[in-house]
Every structure is written in C-alpha cells, then in structure tokens.
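Residue strings, one per chain:
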Amino acid sequence: MIAKVARDAAPHHRPFIAFPSARAAFRAFLAAVDPSRVGVLLPAYIGWSPREGSGVFDPIQELDEPFWFYRVDMNLHVDVDHLVTQLDLHRPRVLLVIHYFGYPDPAYLRVAGLARARGVIILEDEAHAMFTDVVGGVTGRLGAASIVSLHKLLPVETGGGLFVNRDGREVCSALVGPSEPAPWSFDLAALAARRRHNAELLRERLGALRGRVDVLWDLPPNVVPQTLPVAVRVGSRDVLYERMNAAGFGVVSLYHTMIDAITRDEFPISYELARTMMNLPVHQEATDQELERMIDALDRFTR
C-alpha cells in the first residue's frame, strides 16, 4: 500500500525549540541534560570580544560547568588522537562539536562514533552551519541536538534555537514539550533526498514501460518533486487510475477537468494533458519494495 500523500510525521520530525539566541539555547541545553554527570569537552579554538563576549564559552562559565579542551590543527580540524585522550581522561558529560564557518570536520563521523561509544552526549554548534544542516543535510544528524543562530545567516536582528534529534529526545526531555509539527521542525533535507530517491527509482523502472506510460520530465539537480507526472499512452487513464487505487497505490490525477474558461477549441493541448496525465507518489513513506510493486502493477494494467 502506498498512500497518496505522507501522513506519518514522526520519522522525520526534529523538534525545534526557539530561544533568543544560540547562546541561550546552549545554556538551556547544559542546564537540562543529564545532571548526574558534569563537564564539557570543547575544541581549543574559542573566541571572545568586548562587545559580544564568547557565545560558546560564556554559558559554561555562567553554570560553573567543568570544561576541558581538545586540540585542533592548522586547518581547524579535530586532532582525533588528542580528543580520544581527553574523552578517556575526563569522561565529560557533553562533547561540543563546532562546524566552523559552516564546514563539517573531515573526521565528523569518526568523532561522533568515539563519543557515542563512551556514552558522551554530543551537541553540535551550528551557529555557522544552519544551511549546511537544513539544506545540505550533512551536519546536525549525529548529535543529541544542534544549536543554531538565526542572525548569522538570515536578515534578522536576533534569534536562535535548538534542533533535537531522535536520539536526543530523552536527554533533552526537560526542554521538549508537546507541539504540533511545523515545517521548520521537519528534517527537510532528509525528506527532499528521499523524494528524489523515489522519483529516480521510478524514472529508471518506467523505462521498460516507455510507449505505454511515459515520464514527462527530467529530474535536474536540486529539484524535489511533489509527485512524478507521467502520460498514459495506452487505454484509458481514468480506468488505469481506478485500477491502481483499487490495488492500493495512491496515484492522483491532477487537473483532470479543465475549468470552463479554458476551452477545448482554443487550448487542445491542455485537454490532451488532462486526458492522459497521472501522478505517481514519491513521498518519503513509500519504500523501494512498494514502488517496485507499483511499477509491476502499471506494467500489468497497461498490457
């Protein structure tokens, strides 16, 4: 079964908790998570200015939290050997990973694995990397949570927040209350990637049905389809639509009836599209196996 649209909010829901600043989000996180342990391990490249103080270090001092540093090299990359030494020596409660200037560290995956293996909570500082997270999808996924700073990347004066990942909901439970999912609180990069994957799978498999069910458009880079539009070249689109839905595949037929103001005599191509076009679901809840079965059904029903 493939529903016409996605209904399950849980798999890609990342609660977003708004704060006045990333600094306030960091302070709230430290105050809330796992009070049975103490200490923060952070990279040894933290700045300060008379006007702004230190956005990363100030909350640690305000809470009188023990802290230690791990070294970075001349490229600002994590010295993994020193990180391991510090993790094992101090057994911190929290490891802070900073994505400086929006770039993930080359050892990002390894660093997260080392911390997880030791039961250390990972917090990602994405003050510079919000777009790398929510658009690129290559940061913000390995920690319990991520802090973002809105004014550093958006044309706003203030604002920050905390994204809470699935693995971090328990440790952040004091911060996360019931809320209705909003667009901002979904993992949009993951949703988009899954939709593109599903569309690409269908496009490849539909090649065997060319002349019966034709894909209408290419899938250029960075385009994320809502559905996959196809043209039904044999038989009746309406009959195929009914058979597919009866078989449990939620296809749709958008704009199957033109408004009266668009006349057949003046716009015959529009009426031909309305007669033949059908839209296949590509949403994130459709699995590869279900999509394969949908193609097999299309094959059977158009022979």
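Summarised in this report is the structure supplied together with it. The model shown is predicted, which means the values in this text are computed figures rather than measured ones.

### Some points on the packing of aromatic side chains
And step 1. Here the structure, examined in full by the defined rule, presents six aromatic pairs.
And step 2. Plain terms: the ring middles of Phe 16 and Phe 163 are 4.8 Å apart, the flat faces sit at 55° to each other, and that makes the pair tilted. Separated by 147 residues along the polypeptide, Phe 16 in strand 1 (residues 16–19) and Phe 163 in strand 7 (residues 160–164) bring together distant segments of the chain.
And step 3. Residue Phe 163 is classed as buried on the basis of its relative accessible area of 1%.
And step 4. With a centroid separation of 6.3 Å and 35° between ring planes, the pair formed by Phe 57 and Phe 69 is classed as tilted. One end of the pair, Phe 57, is in helix 2 (residues 57–62); the other, Phe 69, is in strand 3 (residues 67–70), and 12 residues separate them in sequence.
And step 5. The exposure class assigned to Phe 69 is partly exposed, which follows from its relative accessible area of 31%.
And step 6. Among the aromatic residues, those joined into a ring-pair cluster are Tyr 45, Tyr 100 and Phe 101.
And step 7. The positively charged end of Arg 14 is found above the aromatic ring belonging to Phe 163, 4.6 Å away from the centroid.
And step 8. The ring of Phe 301 has Arg 300 sitting right over it, with the charged end atom 5.4 Å from the ring centre.

### Considering the sheet that holds strand 3
And step 1. As summarised here, the arrangement of the seven strands in space is 1-7-6-5-4-2-3, forming an open sheet in which the pairing is mixed. Looking at strand neighbours, the two that pair on one side only are strand 1 and strand 3, the edges of this open sheet. The average undirected angle you get between the axes of adjacent strands in this sheet is 25°.
And step 2. When strand 1 meets strand 7, the two strands line up antiparallel, connected through four bridges.

### Describing the environment of Cys 172
And step 1. Mapped onto the secondary structure, Cys 172 falls in the loop between strand 7 and helix 6 (188–205).
And step 2. Each C-alpha atom, one on Cys 172 and one on Arg 203, is 41 Å from the other, the two residues being 31 residues apart in sequence.
And step 3. Residues within four places of Cys 172 in sequence aside, it is in contact with Phe 29, Val 33, Ala 145 and Val 164.

### A look at the layout of surface pockets
And step 1. One number sums up the size of the largest pocket: a volume of about 650 Å³.
And step 2. In terms of lining, the largest pocket is formed by 25 residues, of which the most central are Arg 23, Glu 52, Gly 55, Val 56 and Lys 152.
And step 3. Those elements that provide at least two residues to the lining of the largest pocket are helix 1 (22–32) and strand 6 (145–149).
And step 4. The biggest single contributor to the lining of the largest pocket is helix 1, with three residues.
And step 5. Considered class by class, the residues forming the lining of the largest pocket number 11 nonpolar, nine polar and five charged.
And step 6. Approximately 250 Å³ is the volume found for the second largest pocket.
And step 7. Along its surface, the second largest pocket is lined by 15 residues, and Trp 217, Thr 227, Leu 228, Pro 229 and Asn 279 are the ones closest to its centre.
And step 8. By residue class, the composition of the lining of the second largest pocket is 10 nonpolar, three polar and two charged.

### So, the side chain of Ser 185
And step 1. Structurally, Ser 185 is set in the loop between strand 7 and helix 6.
And step 2. Here Ser 185 falls in the buried class, since its relative accessible area comes to 7%.
And step 3. Here His 13 takes part through its side chain, which lies 3.2 Å from a polar atom of the side chain of Ser 185.
And step 4. In contact with Ser 185, other than residues within four places in its own chain, are His 12, His 13, Arg 14, Pro 15 and Phe 16.

### A short note on the sheet that holds strand 8 (residues 213–215)
And step 1. Taking strand neighbours across the sheet as the criterion, the three strands line up as 8-9-10 in an open arrangement whose pairing is antiparallel. With partners counted over all chains shown, the strands left at the sheet margins are strand 8 and strand 10 (277–281), one partner each. For this sheet the average axis-to-axis angle between neighbouring strands, irrespective of direction, equals 40°.
And step 2. Where strand 9 (residues 227–232) lies against strand 10, five bridges are found, and the strand directions are antiparallel. Following the sheet pairing, Pro 229 is matched in strand 10 by Asn 279.
And step 3. Strand contacts of helix 7 (residues 237–246): strand 9 and strand 10, with the helix running at about 20° to strand 10, the strand carrying the most contacts.

### With respect to the nonpolar core
A general trend in soluble globular proteins is that nonpolar side chains are found buried together.
And step 1. Counting residues in hydrophobic clusters, the biggest one holds 28 residues, and the most contacted among them are Phe 26, Phe 29, Val 94, Leu 123 and Leu 162.
And step 2. Of all the secondary structure elements, the ones that give two or more residues to this core are strand 1, helix 1, strand 2 (40–43), helix 2, strand 4 (94–98), strand 5 (121–126), strand 6 and strand 7.
And step 3. Ranked by the residues each element gives to this core, the list is headed by helix 1, at six residues.
And step 4. Membership of the second largest hydrophobic core comes to 25 residues, among which are Leu 219, Leu 240, Phe 249 and Leu 291.

Definitions and cut-offs
- Residues numbered from 1 in each chain as written.
- Predicted model: local features only at pLDDT ≥ 70, side-chain atom pairs only at ≥ 80, totals over all residues.
- Heavy atoms only, no water.
- Phe/Tyr/Trp six-rings, centres within 6.5 Å; stacked < 30°, edge-to-face > 60°.
- Helix = DSSP H or I, 4+ residues; strand = E, 2+ residues; numbered from the N terminus.
- Buried < 20%, exposed > 50% of the residue type's maximum accessible area, 1.4 Å probe, protein only.
- Lys NZ or Arg CZ within 6 Å of the ring centre and 35° of its normal.
- Pairing = 2+ DSSP bridges.
- Axes fitted to C-alpha atoms, helices over the stretch in contact; angles between N-to-C directions.
- Contact = heavy atoms within 4.5 Å.
- 1 Å grid on protein atoms, 1.4 Å probe; cavity = no way out; pocket = protein on both sides within 12 Å on 5 of 7 lines; lining within 4 Å.
- Points joined across faces, edges and corners; volume = space filled by probe spheres on them.
- Nonpolar A, V, L, I, M, F, W, Y, C, P; charged D, E, K, R; others polar.
- Polar contact = N/O pair within 3.5 Å; in protein donor to acceptor, adjacent residues only side chain to side chain.
- Core = buried A, V, L, I, M, F, W, Y, C linked by side-chain atoms within 4.5 Å.

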